[in-house]
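Below, each chain spelled out in residue letters.
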Amino acid sequence: MRIADLPTPALLLHAERLDANLRRMAERARALGVRLRPHLKTHKCVEVARRQRDYGASGVTVATLTEATVFADHGFDDVTWAFPVVLSRVDEARALAERVTLRLTVDSAQAVEALERTGFPFHVWLKVDCGYHRAGVDPAHPDTLGLIRRLAASATLRLDGLLTHSGHAYHEPTLDGRRRVAEQERRAVADLRARLASEGIVVEASVGSTPAMTAVTSLDGVTEARPGNYAFYDGMQVALGTCQPADVAVTVLATVVSAPAGIDHVVTDAGALALSKDTGGTAPAHYGTVLTVDGAPIPGAVVRGVSQEHGLVTTPLGVGDRVQIVPNHSCLTVACHDEYAVMHGDQVVDRWTIWRGR
Ligand SMILES: Cc1ncc(COP(=O)(O)O)c(C=O)c1O
């Protein structure tokens, strides 16, 4: 099937770009001397994860227990659930941990106590806040060492290490800024890890975000990285300078369904439920960059507005015309769809399932 024959809205996965992105990050992790444990929440797709494994990923990272279960069911037997453990899901987590290595994430004494009460030898990572200030313990807080010592001495739990995420690298428009955040992230876990080693507590250290991983120059003292978005990139990464426009591996194929006379927009069938409502910090705000159906840039063309199914585009197009849209945030766009149309050039060569769920 060719792109022109696809029903829309459809999520296109450009396989050659994907492959280049996966290879590049695998090489980067190797050069930096860390294992790669990619975050799969970006793609939620078994076929993509297999390719990441083929490029040398050791283990995978997920955001939800459903993702953990799906990938476990497809042969991924070492899974980090890099989200503060949801105490209402501990029984499910235990059932999964009985058949694969499932590594949980904690950042509170309450979560540690709840896991200990199960009597099950869960692997746990302690989440450390490296400056993003979303979740995680402050590495400099006096209670932090106490919590780590308690975990290390636990008769039940197995402390894997210190895990952090430099989400604030997305707020840094310059390479220098992202480098600074990446170094801050490295030090947050490497320094604490060295301090623990001096007490005889030997742990791993896990970092990762795509903008930090593409900027970082040293990961000394770190053992693994968990970037996710790099598989596809998106408009936000292009704007940051983390990738080139030609690296973005997913686009949404849409059809113009209405071109009302006297109104300065046309309507496509890719609205919020095909793109997400993420504006990616664009100013003036938009919901994606519009390309021709063949993927060529159209200067200034963006999705100016969305409602649930409608996408408003200001480019003069006619009913029945098709366009590709570069999402601002590919992780959220992917989560709107059930499958990828896998493209080689303009040929649809396969369909891959997107495993949604929480
Ligand atoms: C805990 C954690 N680790 C790693 C990542 C991967 O970050 P990115 O998608 O920027 O590579 C994320 C993404 O939000 C995350 O929440």
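For clarity, every value in this text was computed on a predicted model and none was experimentally measured.

Focus: the pairing of strand E6 (residues 123–127)
Looking along a regular strand, one sees the side chains alternate between the two faces of the sheet. Taken across its five residues, E6 has five buried, putting it largely inside the fold. Side chains His123, Trp125 and Lys127 project from E6 onto one buried face, and the interleaved Val124 and Leu126 project onto a second face that is buried too. Bridge count for strand E5 (residues 101–106) against E6 is four bridges, and the pairing is parallel. Bridge pairing in E6 links Leu104 to Val124. This β-α-β element, E5 to helix H5 (residues 109–118) to E6, shows right-handed connectivity. Bridge count between E6 and strand E7 (residues 158–163): five bridges; the pairing is parallel. From the neighbouring strand, His123 faces E7, where its bridge partner is Arg158. Each parallel crossover has a hand, and for E6 linked through helix H6 (residues 142–153) to E7 it is right-handed.

A word on the side chain of Ser206
Following the sequence through the fold, Ser206 ends up in strand E8 (residues 204–207). With relative accessibility at 0%, the residue Ser206 sits in the buried group. A distance of 2.8 Å separates polar atoms of two side chains, one belonging to Ser206 and the other to Glu224. For Ser206, the contacting residues outside a window of four places in its chain are Trp125, Leu162, Leu163, Thr164, Glu224 and Arg226.

Quick notes on the site of the ligand
Around the ligand sit 15 residues, and of these Lys41, Tyr170, Thr210, Arg226 and Gly228 come closest. A distance of 2.6 Å separates an oxygen atom of the ligand from a polar side-chain atom of Thr210. One of the backbone N or O atoms of Asn229 is found 3.1 Å from an oxygen atom in the ligand. Summarising the interface, the protein chains cover 94% of the accessible area of the ligand, which totals 390 Å² for the free molecule. Here the ligand occupies the largest pocket. Looking at the shell around the ligand residue by residue, the class counts come to four nonpolar, seven polar and four charged.

What about the packing of helix H3 (residues 65–73) against helix H4 (residues 90–97)?
The contact between H3 and H4 brings their axes to 11 Å, and the two run at 15°. It follows from the interaxial angle that H3 and H4 lie roughly parallel. For the crossing formed where H3 meets H4, the hand is left-handed. Here Leu65, Ala68, Thr69 and Ala72 of H3 come into contact with H4, specifically with Glu92, Ala93 and Leu96. Across the contact of H3 with H4, the residue classes tally to five nonpolar, one polar and one charged.

Digging into the pairing of strand E4 (residues 78–84)
E4 sits mainly inside the fold: five of its seven residues count as buried. Here three bridges tie strand E3 (residues 60–62) to E4, and the two strands are oriented parallel to one another. Pairing of Val60 across the sheet is with Val79, part of E4. Tracing the backbone out of E3, into H3 and back to the parallel element E4 gives a crossover that is right-handed. With respect to chirality, the unit in which E4 leads through H4 into the neighbouring parallel E5 is right-handed.

What counts and what doesn't
- Residues numbered from 1 in each chain as written.
- Predicted model: local features only at pLDDT ≥ 70, side-chain atom pairs only at ≥ 80, totals over all residues.
- Heavy atoms only, no water.
- Buried < 20%, exposed > 50% of the residue type's maximum accessible area, 1.4 Å probe, protein only.
- Helix = DSSP H or I, 4+ residues; strand = E, 2+ residues; numbered from the N terminus.
- Pairing = 2+ DSSP bridges.
- Right-handed = clockwise from strand over helix to strand, strands pointing away.
- Polar contact = N/O pair within 3.5 Å; in protein donor to acceptor, adjacent residues only side chain to side chain.
- Contact = heavy atoms within 4.5 Å.
- Near = heavy atom within 4 Å.
- Areas by Shrake-Rupley, 256 points an atom, 1.4 Å probe, with all protein chains shown as cover.
- 1 Å grid on protein atoms, 1.4 Å probe; cavity = no way out; pocket = protein on both sides within 12 Å on 5 of 7 lines; lining within 4 Å.
- Sits in = over half its atoms within 2 Å of the grid points.
- Nonpolar A, V, L, I, M, F, W, Y, C, P; charged D, E, K, R; others polar.
- Axes fitted to C-alpha atoms, helices over the stretch in contact; angles between N-to-C directions.
- Parallel < 35°, antiparallel > 145°, perpendicular 65-115°, else oblique.
- Left-handed = near helix turned anticlockwise from the far one by under 90°.

Nothing here speaks to function; it is geometry throughout.
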